[in-house]
Amino acid sequence: LRSSRALPQSAAPPRNLTMSAAREEEEEEEPASLLLRLEPTASRLAAICRLDLRKAGLKRLPASIGLCATCLEQLDVGGNPLESLDGVQTLGRLRVLFATGCALGGRGLPAGGPLSRVDSLFMLSLKENGLAVLDGEALPPKLGWLICAQNAIAEVRAPHRLSHVRKLMLSHNLLDAVAADLLIEAIPALEMLRLACNRMETLPAAAFRHPRLAWFAFGGNPYSARLCAAALSAADAAADAVATLKDASEVAVGEEELGRGSGAVVKRGTWQGTPVACKLWSAELFSDGDARGEWLMGRLTGGCASLVRTLAAWETPSLGMAVELLEGASAVGGPPSFASVTRDAFVEGKHARLTPAQAREVARAVARAGAWLHARGLAHCDIYLHNTLRVAETEVVKLSDLGAACAYDRHGHTAVEKLEVRSFGLLLLDLLSHLQVSHDGTFGGGEAAAAAAALRHAAAACTAESLEARPSFAELCAEL
């Protein structure tokens, strides 16, 4: 911060000083002169709204961080060997804090410590810090979005302090179903919970009593892994089984990149003379689960016409799969923003406004995918418009992205489907919010009005507070 200070225009040009000479000059400088010289720098710091201090080698927050308190709303200190966040409590307007990949687990976050006193904070990432305990008393009281994935969390304390959290990311920790129950019961605002790759031998019962929880990822736990292995044996024996290849050499992977994310890149390719999209993983872990989990779910779902189908899969030299290529397809919505937290966001001009009839076709396709999955004890766990692809010319619609998908016991845990139905209801509400309307703000009459009414009716049923009152996906297919 000192190296970026600005001198008043009337000041003499800076001289090249050694550190010792500079220190002597500062020691001799009168306090009034020092304050006047630093005033422009202080003003610049006070005007900063976003500050990026990633990988700056910081072992503590700079003492001068308080000079940014006037306007600073977003701070990133990720990748620094920080063992404490002392000083952050001075930032009274801070809304977003990224402290990913620091060393905060060494001492642990103290109850009542600096972080707990940042009342303005809404979004917090403590991913990859070696934390062993999730202690609500160490965290701000008004958090709405908390990311604590890839730690070593096995214990939960004071979860009532997290009562405002809507989005909670806890994949790749050491939590069991008892700890998960404590969390879910204590957080009435919870809408999304990521608990993939923990130590749950069963599912937390509190999840199926929660009226707002809609997206619950639990793949990669011992509970789901056992069921996935059993389902895979049956799927491999089916007539429409996904081809298992010896290695990637059996697929011609091109250079054209179609997309990337969650530790994978998607490239255009060819398999058996058919154009395909090739998904190639370079990282193992991500927020919804892991690469192998998604790869296995691709092999389990090749027979579903309403999903982007996996055609072939291989493990050598690294995990990969060939999926059907939807030329001209685009996502119906955009991923959640900071403002929408858990709900799809739309960008005018990028995400087309559909007619009510087109929106109903989107809903039907997603409902068919949900019905197919749950009839086989599989859950998608990430039903969203940004995961729904549509080809405008042909009006083909398919649900995509199996990154959070997993297997479950559909006889022992029937409520998993009803929980996921809520996410479908919220998808319907988002669809309704982005429809084409006439100049008077209505859908007109006739078929368009009937289609919109059907979507509204289904959305209301799917978002009922009681899970028992919600329809199944099969019932939704019939209704829509």
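The preceding data block contains the structure.
Quantities reported herein were computed from a predicted structural model and do not represent experimental measurements.

Student: I'd like to hear about the overall build of the protein chain, residue by residue, with values.
Tutor: Tallying secondary structure elements over the protein chain gives 9 helices and 23 strands in all. The principal-axis extents of the C-alpha atoms in the protein chain amount to approximately 85 × 55 × 50 Å. Relative to its 480 residues, the protein chain shows a buried fraction of 50%. Look at the contacts in the protein chain between residues 6 or more apart in sequence, and 57% of them connect residues 24 or more apart. A total accessible area of about 21,500 Å² is found for the protein chain, and carbon and sulfur atoms account for 53% of it. Between the mean site of the 48 positive side-chain charges and the mean site of the 54 negative ones, the protein chain shows a separation of 1 Å.

Student: How would you sum up the side chain of T342? Please name residues and give values.
Tutor: Mapped onto the fold, T342 is located in the loop between β19 (329–331) and α6 (356–375). Within the structure, the side chain of T342 is placed 2.4 Å from the side chain of E191, a separation counted as a polar contact. Beyond its immediate chain neighbours, meaning those up to four positions away, T342 contacts R166, K167, E191, M192, W215, P336 and Y384.

Student: Account for the packing of aromatic side chains, with residues named and values stated.
Tutor: In the structure shown here, the tally under the stated rule is 5 aromatic pairs. Ring geometry for F424 versus F473: centroids 5.8 Å apart, planes at 65°, classification edge-to-face. Within this pair, whereas F424 is found in helix α7 (residues 415–432), its partner F473 is found in helix α9 (residues 473–479), the two being separated by 49 residues in sequence. Each member of the pair, F424 together with F473, is buried.

Student: Any chance you could break down the nonpolar core for me, citing the residues and the numbers?
Tutor: Of all hydrophobic cores here, the largest spans 68 residues; its most connected members are L97, L115, L126, L139 and F218. For this core, the secondary structure elements donating two or more residues are α3 (177–186), β10 (215–217) and α7. Looking at this core, the element that brings in the most residues is α3, giving 6 residues. Not counting residues within four places of it along the chain, the set of residues in contact with L139 comprises L109, L115, S116, L124, L126, L134, L146, R161 and L162. Counting residues in each nonpolar core, the second largest holds 56 residues, with V242, A291, L326 and V332 among its members.

Student: Quick one: what's the story with the sheet that holds strand β17 (residues 310–314), residue by residue and with numbers?
Tutor: Ordered by their spatial adjacency, 6 strands build an open sheet running β11-β17-β18-β14-β13-β12, and the pairing between neighbours is mixed. Whereas interior strands pair on both sides, the edge strands pair on one side only; in this sheet they are β11 (243–244) and β12 (252–261). Pairing analysis gives 8 bridges linking strand β13 (residues 264–271) to strand β14 (residues 274–281), with the strands arranged antiparallel. Bridged to V266 within β14 is K279.

Student: Help me get a handle on the environment of R157, residues and values and all.
Tutor: Residue position: R157 is located in strand β7 (residues 155–157). For the pair R157 and R95, spaced 62 residues apart in sequence, the C-alpha to C-alpha distance is 24 Å. Every residue in contact with R157, bar those within four places of it in the chain, is listed here: V133, L134, D135 and G136. Among the polar contacts made by the side chain of R157, one reaches the side chain of E155 at a distance of 2.9 Å.

Student: Run through helix α8 (residues 446–462), naming residues and quoting values.
Tutor: Taking 1.5 Å of rise per residue, the 17 residues of α8 would be expected to cover 24 Å, and the 25 Å separating its terminal C-alpha atoms lies within 8% of that figure. Burial in α8 covers these residues: A451, A452, A454, L455, A458, A459 and C462. Burial along α8 is one-sided: seen end-on, the buried residues are contained in an arc of 155°. Facing away from the buried side of α8 by more than 90 degrees, the exposed set consists of G446, H457 and A460. At its buried positions, α8 is contacted by α6, α7 and α9.

Student: Can you lay out empty space enclosed by the protein for me, pointing to particular residues and giving the numbers?
Tutor: Applying the stated criterion across every chain yields a total of 2 cavities of 30 Å³ or more. A volume near 70 Å³ is recorded for the largest cavity. Taken together, F208, A214, W215, F216, F218, A379, C381, V416, L419 and E420 make up the lining of the largest cavity. Where the lining of the largest cavity is concerned, the elements lending two or more residues are β10 and α7. A total of 3 residues in the lining of the largest cavity trace back to one element, the largest contributor, which is α7. Across the lining of the largest cavity, the residue classes break down as 9 nonpolar, no polar and 1 charged. In this structure, the second largest cavity spans a volume of roughly 40 Å³. What lines the second largest cavity is V332, F346, A352, L354, L431, H434 and L435. Looking at the lining of the second largest cavity residue by residue, the class counts come to 6 nonpolar, 1 polar and no charged.

Parameters and conventions
- Residues numbered from 1 in each chain as written.
- Predicted model: local features only at pLDDT ≥ 70, side-chain atom pairs only at ≥ 80, totals over all residues.
- Heavy atoms only, no water.
- Helix = DSSP H or I, 4+ residues; strand = E, 2+ residues; numbered from the N terminus.
- Buried < 20%, exposed > 50% of the residue type's maximum accessible area, 1.4 Å probe, protein only.
- Contact = heavy atoms within 4.5 Å.
- Areas by Shrake-Rupley, 256 points an atom, 1.4 Å probe, with all protein chains shown as cover.
- Lys, Arg positive; Asp, Glu negative; His and termini not counted.
- Charge placed at Lys NZ, Arg CZ, Asp CG, Glu CD.
- Polar contact = N/O pair within 3.5 Å; in protein donor to acceptor, adjacent residues only side chain to side chain.
- Phe/Tyr/Trp six-rings, centres within 6.5 Å; stacked < 30°, edge-to-face > 60°.
- Core = buried A, V, L, I, M, F, W, Y, C linked by side-chain atoms within 4.5 Å.
- Pairing = 2+ DSSP bridges.
- Expected span 1.5 Å × (residues − 1).
- Arc of directions from axis to C-beta.
- 1 Å grid on protein atoms, 1.4 Å probe; cavity = no way out; pocket = protein on both sides within 12 Å on 5 of 7 lines; lining within 4 Å.
- Points joined across faces, edges and corners; volume = space filled by probe spheres on them.
- Nonpolar A, V, L, I, M, F, W, Y, C, P; charged D, E, K, R; others polar.

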